[in-house]
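So the chains spell out like this:
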2 protein chains.
Amino acid sequence: MSEPPRPAPRQVRPAIRAMRGYTPGEQAIDCVKLNTNESAWPPSPRVHEVLRAVADDHLRLYPDPRAERLRAAAAEVFGVPAEAILAGNGSDDCLTILFRTLLDPGDRVACPWPTYGLYDELAAIQGVAIEHVDWARDWRLPSVLPRLGAKLLILANPNNPSGTVVPVAELRRLADAHDGILAVDEAYVDFCPGASLLPCLAAHPNLVVLRSFSKSYALAGARLGLMFAAPALIEQCMKVKDSYNVNRLTQELGLAALADREHHRQLVERTLAERARLERELAAFGWQWPESGANFLFCRVGEHAGELYRALKARGILVRWWDRPQLREHLRISVGTPAQSDRLLAALRALLAP
Amino acid sequence: MSEPPRPAPRQVRPAIRAMRGYTPGEQAIDCVKLNTNESAWPPSPRVHEVLRAVADDHLRLYPDPRAERLRAAAAEVFGVPAEAILAGNGSDDCLTILFRTLLDPGDRVACPWPTYGLYDELAAIQGVAIEHVDWARDWRLPSVLPRLGAKLLILANPNNPSGTVVPVAELRRLADAHDGILAVDEAYVDFCPGASLLPCLAAHPNLVVLRSFSKSYALAGARLGLMFAAPALIEQCMKVKDSYNVNRLTQELGLAALADREHHRQLVERTLAERARLERELAAFGWQWPESGANFLFCRVGEHAGELYRALKARGILVRWWDRPQLREHLRISVGTPAQSDRLLAALRALLAP
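Residues numbered from 1 in each chain as written. Chains lettered and ligands numbered in written order. Predicted model: local features only at pLDDT ≥ 70, side-chain atom pairs only at ≥ 80, totals over all residues. Heavy atoms only, no water.

Peer 1: Help me understand helix H4 (residues 68-78) of chain A, please; the structure alone is not making it clear to me.
Peer 2: Each turn of an α-helix holds 3.6 residues, which means side chains three or four residues apart point in the same direction. All names here are of chain A. Considered for burial, the residues of H4 that qualify are Leu 70, Arg 71, Ala 74, Ala 75 and Phe 78. Buried positions in H4, seen along its axis, are confined to an arc of 140° and lie on one side of it. Among the exposed residues of H4, those oriented more than 90 degrees off its buried face are Arg 69 and Glu 76. Residues of H4 that are buried make contact with strand S2 (85-88), strand S7 (207-212), strand S8 (225-228), helix H8 (231-240) and helix H9 (248-259). Among the residues trailing H4, Gly 79 stands out with phi positive, at a value near 70°. (Buried < 20%, exposed > 50% of the residue type's maximum accessible area, 1.4 Å probe, protein only. Helix = DSSP H or I, 4+ residues; strand = E, 2+ residues; numbered from the N terminus. Arc of directions from axis to C-beta. Contact = heavy atoms within 4.5 Å.)

Peer 1: I would appreciate a short explanation of the confidence of the model for chain A in the present structure.
Peer 2: If pLDDT is low for a region, its predicted coordinates should not be looked at in detail. The share of residues in chain A with pLDDT of 70 or more is 99%, and the mean pLDDT across the chain is 94. The ipTM value of the predicted complex is 0.94, and its pTM value is 0.95. (pLDDT = per-residue confidence, 0-100.)

Peer 1: What is the right way to look at the relation of the copies chain B and chain A in this model?
Peer 2: Look at the two chain copies: a rotation about an axis and a shift along it is all it takes to match them. Least-squares fitting of chain B to chain A yields an RMSD of 0.0 Å, with the transformation described by 0.0 Å of translation along the axis and a rotation of 180°. Both chain copies can therefore be described as sitting about a two-fold axis. Mapped onto chain A, 100% of the interface residues of chain B again fall at the interface, so both copies present the same surface. (Least-squares fit on C-alpha atoms with pLDDT ≥ 70 in both.)

Peer 1: Please clarify how the sheet that holds strand S8 (residues 225-228) of chain B should be interpreted in this entry.
Peer 2: Backbone hydrogen bonds hold the strands of a sheet together, and the pairing may be parallel or antiparallel. Residue and element names in this part refer to chain B. Spatial strand order, S2-S8-S7-S6-S5-S3-S4: seven strands in an open sheet with mixed pairing. Both outer strands of the open sheet, strand S2 (85-88) and strand S4 (129-134), are each paired with one neighbouring strand and no more. Each strand of the sheet is rotated relative to its neighbour by a mean of 20°, with strand direction disregarded. As defined by bridge partners, S2 adjoins S8 across four bridges and the pair is classed as antiparallel. Note on S8: the bridge partner recorded for Ala 87 is Leu 226. Packed onto the sheet, helix H4 (residues 68-78) meets S2, strand S7 (207-212) and S8 and runs at close to 120° relative to S2. Each of S2, strand S3 (108-113), strand S5 (152-156), strand S6 (181-185), S7 and S8 is contacted by helix H5 (residues 91-102), which is oriented at about 40° to S8, the strand it contacts most. (Pairing = 2+ DSSP bridges. Axes fitted to C-alpha atoms, helices over the stretch in contact; angles between N-to-C directions.)

Peer 1: I tried to follow the sheet that holds S2(A) on my own but got confused; where do I start?
Peer 2: Residues and elements named next belong to chain A. Judged by pairing direction, the sheet is mixed, and its seven strands sit side by side in the order S2-S8-S7-S6-S5-S3-S4 without closing on themselves. The open sheet has two edge strands with one neighbour each: S2 and strand S4 (129-134). Neighbour to neighbour, the strand axes of the sheet diverge by 20° on average, direction disregarded. As judged from the two bridges shared by strand S3 (residues 108-113) and strand S5 (residues 152-156), these two strands associate in the parallel manner. In the sheet register, Ala 110 faces S5, and the bridge partner there is Leu 153.

So this is what it looks like as structure tokens:
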């Protein structure tokens, strides 16, 4: 049981007082952790080489405020100009910077729903209303989106928690039809080849693409994300970010991870292979899930989903469950290593035995 | 020559468009870097041990969102309850969180001036006006501060760029007399024993104290800062911070640095010894500076300060100079190692020879 909240000091903004606050997935140790969609495999060995080589001045001196070497390397890998890139302390930092750059009280932001809960929190902190528009049937794009007059439309592609993917052509039509900024959060896009909008970035001045190093680069612990947009928008966002928002180690780790293309390819390949196997095995329980383009499955489990979540947790296996409408009959399960999947499947067999 | 700014996309908030953006000190390499007040000496060797011991899961998994182990260790070292502490991605992150938690458009923030330029930027990003009140004679506290009706008063103690210190008793009287929040940025306070307000934190529910690991812990590259305040205010700030704002490595490095009290003591001692020597040597140039409680000296150099800054830079020695009123006749010089001081002094002797 958590303690009751303390009365907020009166100087706190009403918008903040009214918030409950975002609840990140549990960060337990010594368990099979399939609740926050990290990579099941470690990052490139080059990343560990970087740590072993850290010299005294590396920690003693401030980092490069604009992360120029990292941006140059990312420009190379992602095929965009470095001026179209901003590096953040995780893609959460990039999202925070974007919301703070664009949204004044009275502005409107909209997103298809359900999606990543953080967008709601960021809108609340900015004191703006966020409009949820239910996904169309089979997690297709709601046709009303471009007609909402929102200054910012944001969506995750692949979507979280559904794992579903909107085709590039549809998102490009949305960018053309929408008068404001369209932000596409591509945290999971490496698990769905061909789904990224980055190759079309230059054609859409109102498009923002976000990438994370927490999934396909296995660097959730290091905090690194990238925002891609027209240089004119990146320039404004640079004013809003903290001066030294990405620490020196993380800039070096990001460089090492980006350089090791073969490790990245293998990590994605392993994840996709294990996702396919998990799907075959989970089918035995009669569950259903939409086709996933991510490193997790959004399983429709039924009324007992919450109970099952707790029973798995009691056995040291964490998956994600939300006690809210549209979600409470589902479990979101990250793709783990084969050994982690085995433990999950064994537990499920025991718990779901007739 | 930098390029002319690109026209801002029309979706960008007017408050952001109007900003010039904060200019951090130059981050050059291969030079004597005395411009951003980092520690001249490396961090605790335990910090490097932590890096050598990093295991795969350390980088693969998300960090603890609330940095509980770090907060518990800091509570022990600083003698306050863990619930009175928030860990940030540098104290800049803590400042950003504080401004976002407190300030709505129409609210007012004030600070004695000149001081750390970042407070202006954070106010501008929040869309609030910041009132500058000139320091009283000899860098004493302006008596008008508690009568301004500001929701937030903020000051650095020791102050940056002056290095001057306001006595604890005066700040406690200010906290009592002021109806809003008083934030005291103690980034440099370890270089001025007895000047911290932390022992009085519990007695002042409207007091916020900020600490940095970039100076006396030599971890500027790792980004770690702490905010101390009444638990009721910390609880609200927790809603505003990014979920995973302090990465896993930095949490571990901070723990290692906090644990090595002897290294910290030596680092402060060396800095104070070298500051004393630098003062003796600089006196030969006829310069003056206010008594410093920090790891830098704010030297009144005269009209040719800008010229001297550029001449030093041409010789590979960076100090800080601002081309703005009240500051442009000064150089701010960080305390370096004896070898760095030697190079600075030799260059000054050559440049200032009659």
